[in-house]
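For reference, the chains in residue letters:
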Amino acid sequence: MSKIKSVRTRVWNWKGKTVPPTGNFCANASDALYDRGDAMHSFRFHQWLTCEIETEDGTIGIGNAALAPNLVKAAIDEYYAPMVIGEDPFDYAYLWEKMYRRTHAWGRKGIGMTAISAVDIAIWDLMGKLTGKPVFKLLGGRTKEKIPVYYSKLYAASVEEMQAEAEEAMKNGYQGYKTRFGYGPKDGMKGMRENLKRVEAVREVVGYDVDLMLECYMGWNLDYTKRMLPKLEKYEPRWLEEPVIADDIHGYAELNKGPIPISGGEHEFSLMGFRQLLDAKAVSVIQYDTNRVGGITAAQKINALAEAHQVPVIPHAGQMHNYHLTMANVNCPISEYFPVFDVEVGNELFYYIFEGDPDAVDGFLDLDDNKPGLGIEISDKYISEFEVTE
Ligand SMILES: O=C(O)C(=O)C[C@@H](O)CO
Ligand SMILES: [Mg+2]
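Predicted, not measured: the structure shown is a model, and the values here were computed from it. Every chain begins its residue count from 1, and numbering advances along the sequence as written. Chain labels run from A onward and ligand labels from 1 onward, assigned in the order the entries are written. The predicted origin of the model limits local features to residues at a pLDDT of at least 70 and limits the giving and counting of side-chain atom pairs to 80 or more, whereas totals for whole chains, interfaces and linings rest on all residues.

All right, on to the packing of helix α2 (residues 92–102) against helix α4 (residues 111–131) then. A fitted line through C-alpha atoms serves as each axis, taken over the contacting stretch for helices, and the angle formed by two N-to-C directions is quoted from 0 to 180°. Runs of E in the DSSP output that reach at least two residues are strands. Runs of H or I that reach at least four are helices, and both are numbered from the N terminus. Their axes nearest at 11 Å, the elements α2 and α4 cross at an angle of 170 degrees. Between α2 and α4, the interaxial angle falls into the category roughly antiparallel. Pair α2 / α4 crosses with right-handed handedness. Residues Y92, L95, W96, M99 and Y100 of α2 pack against I116, V119, D120, I123 and M127 of α4. Note on terminology: angles under 35 degrees are roughly parallel, angles over 145 are roughly antiparallel, angles of 65 to 115 are roughly perpendicular, and the others are oblique. By definition, any crossing whose near helix is turned counterclockwise from its far helix by less than a right angle is left-handed, and any crossing with a clockwise turn is right-handed. Placing a C-beta atom from the backbone of each residue, one calls two residues in contact when those atoms lie within 7 Å.

See below:
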């Protein structure tokens, strides 16, 4: 048995070229403020955290997180790393509880849980590498020949630009497409028309034989969403995502009574958080992100809970930790997929840090049965474009 010897955290600050922000690009929670300022601010991720955990035999497991990387790094360095050093990585459930319970006063949501997630993901990668098996084989194995994926971009732009992007994406035959609303409550009736025009325009291109997902990124409120839902029905959305802020569970529950499924959970943390969402029937689709929710250990428990409630789990973000869980769980029907692009909001930044992420081909992706662990390594291909803090 090889014990954990060290934990190395690095923050990757992207210094390379970025796509400049545009107005009304994507609604978000800050839209409720009188000073709109930089509309992209609250969902721009131009930094990433990597967490490498090494065992005595020199094997290295890799975890990562995207939320507030400098703070998450400090939390791991100061609190969580000492809790796992000297331990057996195969005691992962004990290690998870140790991290969760010893920091419970401040760590159970947000920065703390994101840090636990990065450590836990690294431990699972390590367990895969130590056993010579891909992580999905440790989680239950292959439940699908391949993973169907939906194209996730289509930020609000001119109708012509959005239709051109959808047409281009269609060439890869995705199983669904997610678009973002650019307008919200403070844009009034005119903004509603602009929103509806774009949904209609995207449907015009992708047709009605594939799923269309609609993302609000918490930029609406209850009243506005109640007015929008009947107007959206004719476009047959697969779901309406995060219409209101993550804490408004009652709002989600009220909206989720209607014919359009409401999705959420991208900003929820831990098994208990998801129990609350499920008890309240607040969401029809669960979208945890493994690198926020408590890692693979927590995600597997949420998967079981969601399955018992017959609520599908479709994790936020197309990253390996999410793909492995999706492959191993029958209640995870499809994955989100971020197309490879120049760095924009930052969703695509992980492509510049890691190598090994699978490409979507004809609307599906696959995981390699013979690649141990998560199947990604840290790459130095773009290292000159980053300032890395250690
Ligand atoms: O992909 C999502 O679901 C997100 O919420 C990502 C974020 O960039 C907003 O589009
Ligand atoms: Mg989302």
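With 109 residues, the main nonpolar core has A118 and V119 as its most contacted residues. Considering every element that reaches this core, the biggest residue donor is α4, with 11 residues. Both domains that meet at this core, namely domain 1 (4–132) and domain 2 (138–379), each give it at least three residues. Note on definitions: a nonpolar core is a set of buried residues drawn from Ala, Val, Leu, Ile, Met, Phe, Trp, Tyr and Cys, linked by C-beta atoms within 7 Å. Field definition: a residue is buried when 20 or more other C-beta atoms are found within 10 Å of its C-beta, exposed when 12 or fewer are, and partly exposed for counts in between, with C-beta atoms placed from the backbone. An automatic or database domain assignment provides the domain bounds reported here.

For the protein, the domain assignment lists domain 1 (4–132) and domain 2 (138–379). On a C-alpha basis, the centroid separation for the pair domain 1 and domain 2 is 20 Å. The interface of domain 1 with domain 2 comprises 46 residues on the first partner and 41 residues on the second. Counting residues per element, the ones that place at least two in the side of domain 1 that touches domain 2 are β1 (4–14), β2 (47–55), β3 (60–65), α2 and α4. Here the side of domain 1 that touches domain 2 gets 12 residues from one element, more than from any other, and that element is α4.

With that settled, consider the pairing of strand β5 (residues 176–180). Most of β5 sits out of view: 5 of its 5 residues are buried. What you see with β5 is no split at all: G176, K178 and R180 on one side and Y177 and T179 on the other are buried throughout. Two strands pair under a simple rule: DSSP has to find at least two bridges between them. One ladder, built from 3 bridges, connects strand β4 (residues 147–152) with β5; its direction is parallel. Bridging across to β5, Y151 finds its partner in Y177. Think of it like this: strands point away, you trace from the first strand over the helix to the second, and a clockwise trace means the crossover is right-handed. Once the chain exits β4 it traverses helix α6 (residues 159–170) before rejoining the sheet at β5, and the crossover so formed is right-handed. The pairing of β5 with strand β6 (residues 211–215) spans 5 bridges and is parallel. Its bridge partner lying in β6, T179 is registered against L214. The parallel pair β5 and β6 is bridged by helix α7 (residues 188–206), and the resulting crossover is right-handed.

What a helix should span is 1.5 Å times the count of its residues minus one. Spanning 12 residues, α6 covers 16 Å between terminal C-alpha atoms, matching the ideal 16 Å at 1.5 Å per step. Contact partners of the buried residues in α6: β5 and α7.

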